[in-house]
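Per-entry structural report
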Amino acid sequence: LFWPLLTYCSCQSASGITAVIFVRLRSVIWLLSHQPVTLIGHRGGYLRLQLIRSKYKEFERAVRVEEIDGLRLVKRLAEDMEEMFHKKAEAMKRLVEAAEEAHLQHEEDPDLQYEYFNAVLINEVDDEGNSVELGGEFLLQPNDHFNNLSVNLSLSVVQVPTNMYNKDSAIVNGVYWSEALNKVFVDNFERDPSLIWQYFGSAKGFFRQYPGIKWKPDEHGVIAFDCRNRKWYIQAATSPKDVVILVDVSGSMKGLRLTIARQTVSSILDTLGDDDFFNIIAYNEELHYVEPCLNGTLVQADVTNKDHFREHLDKLFAQGIGMLDIALTEAFNLLSDFNETGRGSECSQAIMLVTDGAVDTYDAIFAKYNWPDRKVRIFPYLIGRESAFADNLKWMACANKGYFTQISTLADVQENVMEYLHVLSRPKVIDQEHDTVWTEAYIDNTMDDGQGPVLMTTVAMPVFSTKNETRNRGILLGVVGTDVPVSELLKTIPKYKLGIHGYAFAITNNGYILTHPDLRPLYGDGKKRRKPNYSSVDLSEVEWEDKEDALRNAMVNRKTGTFSMEVKKSVDKGKRVLVLHNDYYYTDIQGTPFSLGVALSRGHGKFFFRGNVTVEEGLHDLEHPDVALADEWTYCNTDEHPEHRYLSQIEAIKMYLSGHEPHLQCDKELVQEVLFDAVVTAPLEAYWTSLVLNKSEYDCAHPLYPHLFCFPSASRDFLTAEDKEGVFNADHFPLWYKRAAEQVPGTFVYSLPFNTGSENKSVVLASTAIQLLDERKSPIAAAVGIQMKLEFFQKKFWTASRQDINCYLIDNNGFVLVAEDYTLTGKFFGEAEGAVMSKLLQMGSFKRVTLYDYQALCWVFSESSDSGHTLLDVSTAFLLTRKICVIQFLVEFNFYSWWHSDLTAKAQRMGRSMQVPCDTEYPAFISERTIKENTGNLDCDGCIKSFVIQQIPSSNLFMVVVDNKCDCRYTLSIVALTSAAHNESLKCERLKMQKDRRRPDSCHPFHPEENSMECGGAAGLSSSLVATLLCILLSLFSR
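Now for a look at the structure at hand. From a predicted model like this one, the values you see are computed outputs, not experimental measurements.

So, on to the pattern of salt bridges. A complete count under the given rule lists 37 salt bridges for this structure. The partner of Asp-356 in a salt bridge is Arg-257, and the shortest N-O contact between them spans 2.9 Å. Here the residue Asp-356 occupies a position in the loop between strand S11 (348-355) and helix H12 (363-369), and Arg-257 occupies one in helix H9 (residues 256-270), the gap between them amounting to 99 residues. Judged by its relative accessible area of 23%, Arg-257 falls in the partly exposed class. Linking Asp-811 and Arg-576 is a salt bridge whose minimum nitrogen-to-oxygen distance equals 2.7 Å. Of the two residues, Asp-811 is situated in strand S34 (residues 805-811) and Arg-576 in strand S23 (residues 576-588); the sequence distance between them amounts to 235 residues. Taking relative accessible area as the criterion, Asp-811 reaches 0% and is therefore assigned buried. Since its relative accessible area comes to 1%, Arg-576 is described here as buried. Beyond isolated ion pairs, a larger network of salt bridges with shared partners links Arg-64, Glu-66, Lys-497, Arg-610 and Glu-669.

Right under this line is the structure:
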């Protein structure tokens, strides 16, 4: 095919090469531009593009094109999601009512003996083959609805943390009365078969889970899970809060006491969620903000911020004298000033005091800042076994509606920290406000669907004691909850109405992503490792072109409206970019803290078509063995009724169309469209059969539709793992389809995997989109494509040897498809011809587009810890991290050869490597469509290097011919230095930044009927302190 150029290349001298190459290149370009036609026609290829087009023309009158009403669509989707969420919340409400009634009827019996099914001990036997205590025979069967885990759909099990006695009287009594939940669990599941785990987390520490499943301890025989430490429990049990943690670092705190203090602070951080705000102040004779740049303010208690503070806790050291009065004064002022800014929780406030003693009661400070209202609760944690100063700390707690605990060992930490949650829950319990709460997205490893761990959200409600005699004590019994896979939300979204680039997304009241196609929560081999901050990725970090956060803030504030902007969509692992103009439509989901958005790309993305064929025609062609539906698209809801769960989507469609299953719910519009597509593509089967009989050198060819795949039966096993990544799933069209849609109609997109030249076993994919009508408002009807072995593609390119020139076939993003050096295949053209690529950028043949990734992980090479480093010195670590992450980014994105440096070697000598969250800025390149051809010369130290580039018509390819007599490989270091940059995510400026957020609708900071004298050891106060306390309280109430 290319012999005119290649024969010339083998015999022509280098002089005057630019002019001659330019002339001879035209003939080769013409031949290559006709390659798709040749493949379709008489060369025996598979792509009969005209066959598909003509078939659409036959049905043109049966097709109706409609414009998508984005605002109407998003409102309807929000209503569907609201209905789905409401069903989950109603199930929880039934559990709450049953639990409170069961507790009301139960009389506490300290001597109660009761054998229950312990989640760890079920089906365990002793050496004699007898069931162990709290075990017993428990029937378990695999269930596909629960990811084929072995479960019991009739009974629940009870898990007790390893550090608690599983036959403690309080636990046994709670387990006994909560058995009443079993029949409600079963009833809920029968009413809503889409439910998965249902559970009750007790304030006493046990966890009842349905359906019953066996729990396995870790390799140390430990189950550390404590339901009271989970976000769903804490959110449901308490109201949002502002917290200042004071840590005593005086000399008396050295050794084990400081270790226990660190663990106590870390456990307190575990109990804080996204609706809470905090800061940590270490004190001796001076105040030391753990993060000095946050002096005088609080920060949101998201995962990133909490982890940042934890890193600094290890650098606390004890010395000097503890001046608690200074610390308390600072804490009160900090809470007051921050509350006035309106940026905090504006609900509960608390001071957590972690110390080994207090020489005074500091009543003057409390009288000045906290009495008589006592809006700030004080929670002292006495560290160590000594009790000399316990009375003073107990007095502070009782006088300020708090709770006192003493922590003597590391084993005591978690249980004692939990006590403050029950105090903060009292006002809500007394008010009997069963607030429904929804968590942010989190990962559940137990429901791994084969693609990796599953994203979940949890709906939870608190359970209260309704006994009259305990009303003013505000006793929280626990929290009920159920998990909702984010995939359940996606099932309510008609993807076919969102267009090729369109998508739906949802965010929380804090602006964090609940679901978005660009959310990347996992990393590592098999994508099964969680990123540290995956649950607090902000919408602005994926829709980063919205510099003013207009879209984000409108959604956070529960508004309904529209927004438009140009977006640069990074695809193919950041190496390609699609420039689109998106219209966004958004509204809130009633009854939840979530807001829903829909993005539609302008042009073909705003239109869809409805085809109309008879059911008989459609079913006849849909039943062909070479037709497969997109697995993750929901044509019919087979989860609603158990008898439908084993149906494939095609079987469900047939049953639905037959009318024999009135309870089977299907998307009528989508079913009609898939029938239409089946009829249109039916002639291809006969065409493919003839090709199989006449063996060809091509591997596989297939038209690729939004709703179905058609494969020649002989090629069904051809799909590789990489191919299977390119199929349709629940939330997006595959990349080859997207890229074909953005090409001029009738032109082909050629692509292949990156960096595959060394193997030379990959495939080249050529695809093109088919528009329904010859006008701008026409939707894309389908995409057709062909796969060819890379080796075959290269053979058609090279037919002779060459001297003095290098020939390349590159795509519109600057990646090499064909080069004489096979190792360059799939690599960036700048690696082979850096100087030429730089010149092409200057000439405008290509342009650079800057992209950002705010979910990146960068490798850093950490030094061994130096005890001499102070807590407050972070600048050195920041600079080191910045340098090393730039290097690692360049390596990952194949730009490292542009930047020759010995920094990597130095970094590797510094110590172990680790991945940390980071923000990256990096380039992508895209050709300028309006520039069809270009020539240029480069001066390489007096040697003139010439090159020619010309676009190949009807494709995304360019032929580049370069004179190779000059060596210009080292001229792009400036481009490299500015091509990638890393900014450490946790630097001070980002910590200070607080975006708009919406507070939860309910707040219960205190209640006038609350019994504040239950403050953790008030009975142990000395008589003089009790008298003093009573006098003070009486004086307060008399004001």
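Still more to cover.
This part covers the sheet that holds strand S22 (residues 561-571). With antiparallel pairing, five strands are arranged side by side in an open sheet as S19-S18-S24-S23-S22. A strand with exactly one partner marks an edge of an open sheet, and here the two such strands are strand S19 (513-515) and S22. Averaged over neighbouring strand pairs, the angle between their axes works out to 35° when direction is ignored. Pairing of strand S18 (residues 503-507) with strand S24 (residues 595-601), which is carried by five bridges, proceeds in the antiparallel orientation. Residue pairing for S24: Ala-504 is matched across the bridge by Val-598.

For strand S17 (residues 476-485), the buried fraction is high: ten of the ten residues fall into the buried class. When strand S5 (residues 198-202) meets S17, the two strands line up antiparallel, connected through five bridges. When the bridges of S17 are listed, Phe-200 appears paired with Val-480. Where strand S16 (residues 454-464) lies against S17, nine bridges are found, and the strand directions are antiparallel. The residue of S17 that forms the bridge with Val-459 is Thr-482.

Another point: the packing of aromatic side chains. Tallied over the entire structure, the rule returns 36 aromatic pairs. Taking the centre distance of 6.0 Å and the plane angle of 65° together, the rings of Phe-207 and Trp-215 count as edge-to-face. The same class applies to Phe-207 and to Trp-215, which are both buried. Pairing Phe-332 with Tyr-369 gives two aromatic rings, centres 5.7 Å apart and planes at 5°, and the pair type is stacked. In this pair, Phe-332 is assigned in helix H11 (residues 324-341) and Tyr-369 in helix H12, connecting sequence segments 37 residues apart. The partly exposed category is assigned to Tyr-369, whose relative accessible area is 28%. Connected via pairs of aromatic rings, a cluster forms that spans Tyr-199, Phe-207, Trp-215, Phe-225, Trp-232 and Tyr-233.

This part is about the pairing of S5. Most of S5 sits out of view: five of its five residues are buried. What you see with S5 is no split at all: Gln-198, Phe-200 and Ser-202 on one side and Tyr-199 and Gly-201 on the other are buried throughout. In this structure, S5 lies alongside strand S6 (residues 207-210), joined through four bridges in antiparallel fashion. Along S6, the bridge assignment pairs Phe-200 with Arg-208. Here S5 folds back onto S6, and the loop between the two strands holds four residues, one of which, Gly-205, carries a positive phi near 115°.

Conventions and cut-offs
Residues numbered from 1 in each chain as written. Predicted model: local features only at pLDDT ≥ 70, side-chain atom pairs only at ≥ 80, totals over all residues. Heavy atoms only, no water. Salt bridge = Lys/Arg side-chain N within 4 Å of Asp/Glu carboxyl O. Helix = DSSP H or I, 4+ residues; strand = E, 2+ residues; numbered from the N terminus. Buried < 20%, exposed > 50% of the residue type's maximum accessible area, 1.4 Å probe, protein only. Pairing = 2+ DSSP bridges. Axes fitted to C-alpha atoms, helices over the stretch in contact; angles between N-to-C directions. Phe/Tyr/Trp six-rings, centres within 6.5 Å; stacked < 30°, edge-to-face > 60°.

No statement about biological role is implied by the geometric values presented.
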